[in-house]
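Residue-level structure breakdown
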Amino acid sequence: MIYNANQLRQMADLLKPAIATETHIRRARSQLRDAGLRVTEPRVAVLSTLLAVGRPLTASELIAAVSHREIDVVTVYRILQSLLDANIARAVGTTQRGRRFESHTGKDCPADHPHLQCRSCGTMTCIESSSIPTPLVPVMIAGFQVEHATLCLTGICARCREP
């Protein structure tokens, strides 16, 4: 999907409460160095935004959030791929709205945790693992070796339910 400048500004306004702090920026720089990636300003901007927001974002939301830094759209996609390849970020499967990206590599945030996603607006929220019982996932089922399992609960968020 292609967004015009006004739509990008609107998405950026939604993300303003999660502007990266100096702590997020230091953490992003550290994670990039630890993964052996070059520490560039565009990479730091994208990763620190993912860290600050605390919920999975679409590529379009990330592009909007870093648009004030004039980072090329293609560069954002390349950065996302490098973060995925380095296991700094992960892609979270969603409903019909494509992939979302998150970075949960801190000590206090597990890599695999459940999510809530709104079927109407597509917003995705992380749920603390302790909030719901952990489902038992078999390692092998019907001759299929399970390597990764995620839990995503879908429904309608409070904002979309409002009349």
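Our subject in this report is the structure included herewith. Keep in mind the model is a prediction, meaning the values are calculated, not measured.

**As for the overall build of the protein**
Tallying secondary structure elements over the protein gives 6 helices and 7 strands in all. Secondary structure of the protein in N-to-C order comes out as α-α-α-α-α-β-β-β-β-β-β-β-α. For the protein, the proportion of its 163 residues judged to be buried stands at 35%. Sequence separation of at least 24 residues holds for 53% of the intrachain contacts in the protein that already meet a minimum separation of 6. Working note: accessible area of the protein is about 10200 Å², and carbon and sulfur atoms make up 53% of it.

**Concerning the state of the cysteines**
If you walk through the whole model with that rule in mind, you get 0 disulfides. In this model C157 remains outside any disulfide bridge; the closest cysteine sulfur is found in C160, 3.6 Å from its own. C160 sits in the partly exposed class, given a relative accessible area of 28%.

**Brief notes about unusual backbone geometry**
Phi is positive for E70, close to 55°, though the residue is something other than glycine. As for its position among the elements, E70 is in the loop between helix 4 (59-65) and helix 5 (73-85). Owing to a relative accessible area of 73%, E70 belongs among the exposed residues under this scheme. Despite not being glycine, N87 shows a phi value in the positive range, around 60°. Relative to the assigned elements, N87 resides in the loop between helix 5 and strand 1 (90-92).

**Things to note about the pattern of salt bridges**
Evaluation of the coordinates by the stated rule reveals 1 salt bridge. A salt bridge links E41 to R29; the shortest N-O distance between them is 2.8 Å. Of the two residues, E41 sits in helix 3 (residues 41-53) while R29 sits in helix 2 (residues 22-34), which places them 12 residues apart along the sequence. Classification of R29 as partly exposed rests on a relative accessible area of 27%.

**Observations regarding helix 5**
Each α-helix turn comprises 3.6 residues. Residues three or four places apart therefore point the same way. Helix length check: helix 5, at 13 residues, gives a terminal C-alpha distance of 19 Å against a target of 18 Å (1.5 Å per residue), a fit within 8%. Within the span of helix 5, buried status applies to V76, I79, L80, S82, L83 and L84. Structurally, helix 5 contributes buried residues whose contacts are with helix 2, helix 3, helix 4, strand 1 and strand 2 (100-102). Its side-chain oxygen at 2.8 Å from the backbone nitrogen of V74, D72 defines the N-terminal cap of helix 5. Backbone geometry just downstream of helix 5 places N87 in the positive-phi region, at approximately 60°.

**Things to note about the nonpolar core**
Counting residues in each nonpolar core, the largest one holds 25 residues, and the members touching the most others are L32, V46, L47, L50, V76, L80 and L83. Sorting the residues of this core by element identifies helix 2, helix 3, helix 4 and helix 5 as the ones contributing at least two each. The leading source of residues in this core is helix 3, at 7 residues. Other than its neighbours up to four places away in sequence, V76 contacts V46, I63, V66 and I71.

Cut-offs and rules
Each chain carries its own residue numbering, running from 1 in the written order of its sequence. For this predicted model, a pLDDT threshold of at least 70 governs which residues receive local features, and a threshold of 80 or more governs which side-chain atom pairs are given and counted, while totals over whole chains, interfaces and linings are taken from all residues. Here the side-chain values reflect all heavy atoms present in the structure, with hydrogen atoms and water set aside. Runs of E in the DSSP output that reach at least two residues are strands. Runs of H or I that reach at least four are helices, and both are numbered from the N terminus. Throughout, exposure labels follow a simple rule: accessible area from a 1.4 Å probe, protein chains only, divided by the maximum for the residue type, with under 20% read as buried, over 50% as exposed, and the rest as partly exposed. Whether two residues are in contact is decided by their heavy atoms: any pair within 4.5 Å suffices. All accessibility values rest on the Shrake-Rupley procedure with a 1.4 Å probe; residue burial counts only the protein chains present in the view. A pair of cysteine sulfur atoms is labelled a disulfide when the two atoms are within 2.5 Å. The salt bridge criterion pairs a side-chain nitrogen of Lys or Arg with a carboxyl oxygen of Asp or Glu, the two atoms within 4 Å. For a helix, the expected span equals 1.5 Å multiplied by the number of residues minus one. In protein, a polar contact means a hydrogen-donor-capable atom and an acceptor-capable atom, both N or O and within 3.5 Å, with residues adjacent in sequence counting only if both atoms are side-chain atoms; elsewhere, any N or O pair within 3.5 Å suffices. Buried Ala, Val, Leu, Ile, Met, Phe, Trp, Tyr and Cys residues that are joined via side-chain atoms within 4.5 Å together make up what is termed a nonpolar core.

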